[in-house]
Amino acid sequence: MASYVFALVVLVLASTQAFATDPSQLQDFCVADNTTNVFVNGVVCKNPALVKADDFFFSGLDKPGNTKNALGSKVTAVNVNNLFGLNTLGISLARVDFAPYGLNPPHTHPRATEVLTLLQGRLYVGFVTSNPPKLFTKTLNKGDVFVFPQGLIHFQLNIGRENAVAIAALSSQNPGVITVANTVFGSNPAINDDVLAKAFQVDKKVVDHLQSLFWTENH
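These numbers were taken from a predicted model, which means no experiment stands behind them.

## Looking at the sheet that holds strand β4 (residues 114–120)
For step 1, the next point in the chain: The strand order β1-β2-β9-β4-β7 describes an open sheet built from five strands, whose pairing is antiparallel. Both outer strands of the open sheet, β1 (73–78) and β7 (145–148), are each paired with one neighbouring strand and no more. Within the sheet, the average angular offset between the axes of one strand and its neighbour, ignoring direction, is 20 degrees.
For step 2, the next point in the chain: By the bridge criterion, four bridges tie β4 to β7 in an arrangement that is antiparallel. From the neighbouring strand, V115 faces β7, where its bridge partner is V147.

## Brief notes about the pairing of strand β6 (residues 135–141)
For step 1, the next point in the chain: Strand direction decides the pairing type here: strand β5 (residues 122–128) and β6, joined by seven bridges, are antiparallel. What sits directly across from V128, in β6, is L135.

## Some thoughts on unusual backbone geometry
For step 1, the next point in the chain: Residue P132 follows N131 across a cis peptide bond; omega there is 0 degrees.
For step 2, the next point in the chain: Inspection of the secondary structure puts P132 in the loop between β5 and β6.
For step 3, the next point in the chain: A cis amide bond, omega 0 degrees, links N188 with the succeeding residue P189.
For step 4, the next point in the chain: Mapped onto the elements of the fold, P189 is located in the loop between α2 (180–185) and α3 (193–200).
For step 5, the next point in the chain: Here T88, not a glycine, exhibits a phi torsion of approximately 70 degrees, which is positive.
For step 6, the next point in the chain: With respect to the helices, strands and loops of the structure, T88 is situated in the loop between β1 and β2 (92–98).
For step 7, the next point in the chain: In this structure, Q201 takes a positive phi of about 55 degrees despite not being glycine.
For step 8, the next point in the chain: Relative accessible area serves as the criterion here: at 72%, Q201 is assigned to the exposed category.

## Considering the confidence of the model for the protein
For step 1, the next point in the chain: Counting all residues, the mean pLDDT for the protein is 90, and 90% of those residues have values of 70 or more.
For step 2, the next point in the chain: Within the model, pLDDT remains below 50 along residues 4–19, and this stretch shows zero contacts once partners closer than five positions in the same chain are excluded.

## Things to note about α3
For step 1, the next point in the chain: Within α3 the residues assigned to the buried category are D193, L196 and A197. The buried residues of α3 occupy an angular sector of 100 degrees when the element is viewed end-on, so they sit on one face. Seen from the buried face of α3, the exposed residues on the opposite side, beyond 90 degrees, are K198 and A199.
For step 2, the next point in the chain: Buried positions along α3 lie against α2 and α4 (204–212).
For step 3, the next point in the chain: The N-terminus of α3 is capped by N192, whose side-chain oxygen sits 2.7 Å from the backbone nitrogen of D194.
For step 4, the next point in the chain: Immediately downstream of α3, the backbone of Q201 shows phi near 55 degrees, a positive value.

Calculation notes
- Residues numbered from 1 in each chain as written.
- Predicted model: local features only at pLDDT ≥ 70, side-chain atom pairs only at ≥ 80, totals over all residues.
- Heavy atoms only, no water.
- Pairing = 2+ DSSP bridges.
- Helix = DSSP H or I, 4+ residues; strand = E, 2+ residues; numbered from the N terminus.
- Axes fitted to C-alpha atoms, helices over the stretch in contact; angles between N-to-C directions.
- Buried < 20%, exposed > 50% of the residue type's maximum accessible area, 1.4 Å probe, protein only.
- pLDDT = per-residue confidence, 0-100.
- Contact = heavy atoms within 4.5 Å.
- Arc of directions from axis to C-beta.
- Polar contact = N/O pair within 3.5 Å; in protein donor to acceptor, adjacent residues only side chain to side chain.

And the structure:
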């Protein structure tokens, strides 16, 4: 009986792991149909007879993103929302541009691990583990690669006097992004300031001030 229960637990855990990622394709491709009103976990497939080469094509990553914002950074994402052929393939990417001392602020991708490759410049990058929190950081130079595990808070800061450019590969067709400061202090409707004051152990006036600010997005 004990061995049966153990085998059942292993099977459940294995099944949970298997279904904890993007759905796998059951045919050669499943190009996203952005014209349908049907809601599913993912995106409905386009009729294969109507699929064209352009469904697998995206142009524009050679163009620098506009970093003239409060953060000094711009993320140009390529995912299932603008490259429909990525549907069910479990992958996407992004170009990240940084002005001198620009920041891609602390954020998470709830559905993806990120692999960042630095093409130009110098970045200070890092991520924080779940509780108890531990910080892992590294200074990247041209050609260096760094991995940010799925769901963990991470950031990138340009520590050079010149522009920096990186390419990020992500293990989901739609990785999502949760920017920590924007989410906590810029949500709509706002989180009760009593909650945030106690969580951050600061005066409510500090919370009220932060909630009154305009929170910049770089995506």
